[in-house]
Amino acid sequence: MTRDRKVLYIISSLILVVLFAAFFIPANSGRLVAATLLLPAAVLVPILIKKRNILSIHSKMVLLLLIVIALLYLMAYYLTGLKFGFYKQYYLNLSFMFRTFIPTSMIIIAIEIIRRVLVAQENKTSNVLMYLIGIVADVLITSNLQGIISFNKFMDVIGLALLPAITCNLLYNYLSKKYGLKTTLTYRLIITLVPYFIAYSPALNDAIESLVKVVLPLIVYLFISSLYDKKKKYALEKKSKLRFVGYGAVIAIMISIVMLISGQFKYSLIVCGSNSMYGEINKGDIVFYERCDDQIINEGQVIIFKKDNSTIIHRVVDIEIVNGQTRYYTKGDNNESMDSGYITKSNIIGITNYKFSYIGYPTLWLRELFNK
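Here's what I pulled together on the structure shown here. (Residues numbered from 1 in each chain as written. Predicted model: local features only at pLDDT ≥ 70, side-chain atom pairs only at ≥ 80, totals over all residues. Heavy atoms only, no water.)

### What about the overall build of the chain?
Operational definition: By the criteria applied, helices consist of DSSP H or I runs no shorter than four residues and strands consist of E runs no shorter than two, each listed in order from the N terminus. The buried label applies to any residue whose accessible area, calculated with a 1.4 Å probe on protein chains only, is under 20% of its type's maximum; exposed applies above 50%, and partly exposed to all values in between. In this analysis, two residues are considered to be in contact whenever any of their non-hydrogen atoms come within 4.5 Å of each other. Accessible areas in this description were obtained via Shrake-Rupley with a 1.4 Å probe; residue shielding takes into account the shown protein chains only.
Helix and strand counts for the chain stand at 11 helices and 8 strands. The buried share of the chain, reckoned over its 372 residues, is 44%. Restricting to contacts in the chain with at least 6 residues of sequence separation, those with at least 24 account for 72%. Accessible surface computed for the chain: about 20100 Å², of which carbon and sulfur atoms make up 64%.

Right under this line is the structure:
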């Protein structure tokens, strides 16, 4: 093993340790500690490890293209607020700048300087190490692991931090290796830091927001590589086409799943969490349902509705009209008595169509784990 390789592995391992250690420090302090330790590493890495590859001649064009893509994405993202509304996520003041904005900026700059050196080694191990470093750093920036006190918080970290970090760092490694530090860093600073100057965010469903953050890097990667990656051999061209088809299929599946679990579209999925409908729908089943709009609800139908802040899957057992108001009385097939009170059309979320037996159990196990 050469001296450069030894230095590379030692420094990369130390950086990973520092980033993991920062997770055990409260979010804002953890970012500051990580940023303070990463900056000296960003200075030392280019000195101790030589860069080895040559950048593409299209670097300037890709840089301009990525700036346009980043700005268009941010514009489209905030325009969704016209449909979904906005919420105030923080107050832009000096405290926020020093606790969040500056440490985040420092981490991004340091990580991209280190990335530029590691991915230039034309070495699979260094690429993997940088990929892991990038994922951990992104999760540190975008989430607070100490705040995971419930199943929903855990899913937020997975969907809004970890999964986007996985796809984003595939893109960042590719851009850094092919087009250099300036290209990757500029794109990241626009995508990550510009929203900090806008105190309001669109009130997107978490599933949709996660999908956008996961899919965007894949689309950018496919777009840039299809424009500027030149393949000389037919075998490589064929492999590239298969890769694009594979990515396209993955993206299509992800979009379909998110559309079904977000509850924002005509058809959705929900996991049954009890045995009150045992026989018809069992605990752990995933229920496929159609959103209730203007459909007529008949006695005997199994519906999904909201009551007392809970989502319930029960059967309609009686319907009556009182003073022009239609009242629906419900009961679980496995319950001895009817549900207390009644519901109206405004409570009904959807009408069940199909079920997929037992495949929702992993979700229930995780939820029960956090409820212990």
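### Here's the deal with a nonpolar patch on the surface
Put simply, the rule reads: For patches, a residue must show more than 30% relative accessible area and have no salt bridge; joins then use 9 Å for like charges and 5 Å for nonpolar side chains, namely Val, Leu, Ile, Met, Phe, Trp and Tyr. A side-chain nitrogen of Lys or Arg and a carboxyl oxygen of Asp or Glu constitute a salt bridge if their distance falls within 4 Å.
Taken together, Val 68, Leu 72, Met 75, Leu 79, Leu 82, Phe 86, Leu 92, Val 194, Phe 197, Ile 198 and Tyr 200 make up a surface patch of nonpolar side chains, about 1100 Å² in accessible area. For the nonpolar patch, the element with the highest residue contribution is helix 3 (residues 59-79), accounting for 4 residues. Among the secondary structure elements, Tyr 200 is positioned in strand 2 (residues 200-202). The exposure class assigned to Tyr 200 is partly exposed, which follows from its relative accessible area of 43%.

### A closer look at the packing of aromatic side chains
Note the following rule: In this scheme Phe, Tyr and Trp rings, the latter by its six-membered ring, pair at centre separations within 6.5 Å, and the angle between planes marks the pair as stacked below 30 degrees, edge-to-face above 60, and tilted otherwise. Distance and angle both matter: a charge sits over a ring if NZ of Lys or CZ of Arg is within 6 Å of the ring centre and within 35 degrees of the ring normal.
Taken as a whole and assessed by the stated rule, the structure comprises 9 aromatic pairs. Ring geometry for Phe 101 and Phe 197: centres 5.1 Å apart, planes at 70 degrees, overall edge-to-face. Here Phe 101, found in helix 5 (residues 94-118), pairs with Phe 197, found in the loop between helix 8 (181-193) and strand 2; they are 96 residues apart in sequence, far enough to count as distant. Residue class for Phe 101 comes out buried when judged on its relative accessible area of 13%. Phe 197 gets classed as partly exposed once you look at its relative accessible area, which sits at 49%. On the basis of an interplanar angle of 85 degrees and a centroid distance of 4.7 Å, the ring pair of Tyr 174 and Tyr 221 is categorised as edge-to-face. With Tyr 174 in helix 7 (residues 151-179) and Tyr 221 in helix 9 (residues 206-228), this pair connects stretches of sequence that are 47 residues apart. With respect to class, Tyr 174 is no different from Tyr 221; both count as buried. Among the aromatic residues, those joined into a ring-pair cluster are Tyr 73, Tyr 77 and Tyr 78. Between the NZ or CZ atom of Lys 83 and the centre of the ring of Phe 84, over which it lies, the distance is 5.8 Å.

### Observations regarding the sheet that holds strand 8 (residues 348-356)
Using the following cut-off: DSSP-based pairing: two strands are paired if at least 2 bridges between them are found. Lines fitted to C-alpha atoms define the axes, with helix axes restricted to the stretch in contact, and inter-axis angles between N-to-C directions lie between 0 and 180 degrees.
Reading across the sheet, the 6 strands line up as 3-4-8-5-6-7 and stay open at both edges, with antiparallel pairing between neighbours. Each end of this open sheet is capped by a strand with a single partner; those strands are strand 3 (267-271) and strand 7 (325-331). Going across the sheet, the axis of each strand differs from the next one's by a mean of 50 degrees, ignoring polarity. Bridge analysis of strand 4 (residues 286-291) against strand 8 gives 6 bridges, and the strand direction is antiparallel. Paired with Arg 291 across the strands is Gly 350, a residue of strand 8.

### Digging into helix 9
Going by this rule: Multiplying one less than the number of residues by 1.5 Å gives the expected span of a helix. Values of bend correspond, residue by residue, to the angle between axes fitted over the seven residues ending at that residue and the seven starting there.
Counted at 1.5 Å a residue, the expected span for helix 9 with its 23 residues is 33 Å, and the 34 Å between its end C-alpha atoms agrees. Bending of helix 9 peaks at approximately 25 degrees at the position of Val 215, with proline Pro 217 no more than four residues after it.

### Structural notes on unusual backbone geometry
The backbone phi angle of Asp 308 is positive, close to 55 degrees, even though this residue is not glycine. Residue placement: Asp 308 occurs in the loop between strand 5 (302-307) and strand 6 (310-322). With phi around 55 degrees, Asn 323 is a residue other than glycine that occupies positive phi space.

### Structural notes on the pairing of strand 5
Among the 6 residues that make up strand 5, 5 are buried, leaving the element largely enclosed by the rest of the structure. Both strand 5 and strand 6 contribute to a ladder of 6 bridges, which runs antiparallel. Bridge pairing in strand 6 places Val 302 opposite Arg 315. Counted between consecutive antiparallel strands, the loop separating strand 5 from strand 6 contains 2 residues, among which Asp 308 sits at a positive phi close to 55 degrees.

### Here's the deal with the packing of helix 5 against helix 8
Selection criterion: To sort the angles, those under 35 degrees are grouped as roughly parallel, those over 145 as roughly antiparallel, those from 65 to 115 as roughly perpendicular, and the leftovers as oblique. Two helices that cross are described as forming a left-handed crossing if the nearer one is turned anticlockwise from the farther one by less than a right angle, and a right-handed crossing if clockwise.
Look at helix 5 against helix 8: their axes get within 10 Å of each other, and the N-to-C directions meet at 155 degrees. Judged by the inter-axis angle, helix 5 sits roughly antiparallel to helix 8. Between helix 5 and helix 8 lies a crossing of right-handed hand. Across the interface between the two elements, Phe 101, Thr 104, Ser 105, Ile 108, Ile 109, Ile 111, Glu 112, Ile 113, Arg 115 and Arg 116 of helix 5 pack against Leu 181, Thr 184, Leu 185, Arg 188, Leu 189, Thr 192 and Leu 193 of helix 8.

### Points about the environment of Ser 268
Positionally, Ser 268 belongs in strand 3. In this structure Ser 268 comes out as buried when scored by relative accessible area, which is 2%. Each C-alpha atom, one on Ser 268 and one on Phe 288, is 5.9 Å from the other, the two residues being 20 residues apart in sequence.

### Quick notes on the nonpolar core
Rules: In these notes, a set of buried Ala, Val, Leu, Ile, Met, Phe, Trp, Tyr and Cys residues joined through side-chain atoms within 4.5 Å is what counts as a nonpolar core.
If you look at the biggest cluster of nonpolar residues, it comprises 42 residues, and the most contacted ones within it are Ile 15, Leu 19, Leu 38, Ile 49, Ile 107, Ile 114 and Ile 133. Looking at this core, the elements that each hand over two or more residues are helix 1 (3-22), helix 2 (27-48), helix 5, helix 6 (124-142), helix 7 and helix 8. The dominant element in this core, judged by the number of residues it contributes, is helix 6, at 10 residues. Apart from residues lying up to four places away in sequence, Ile 107 is in contact with Arg 31, Ala 34, Ala 35, Leu 38, Ala 137, Leu 140 and Ile 141. Tyr 78, Ile 191, Leu 204 and Tyr 221 belong to the second-largest nonpolar core, a separate cluster that totals 25 residues.

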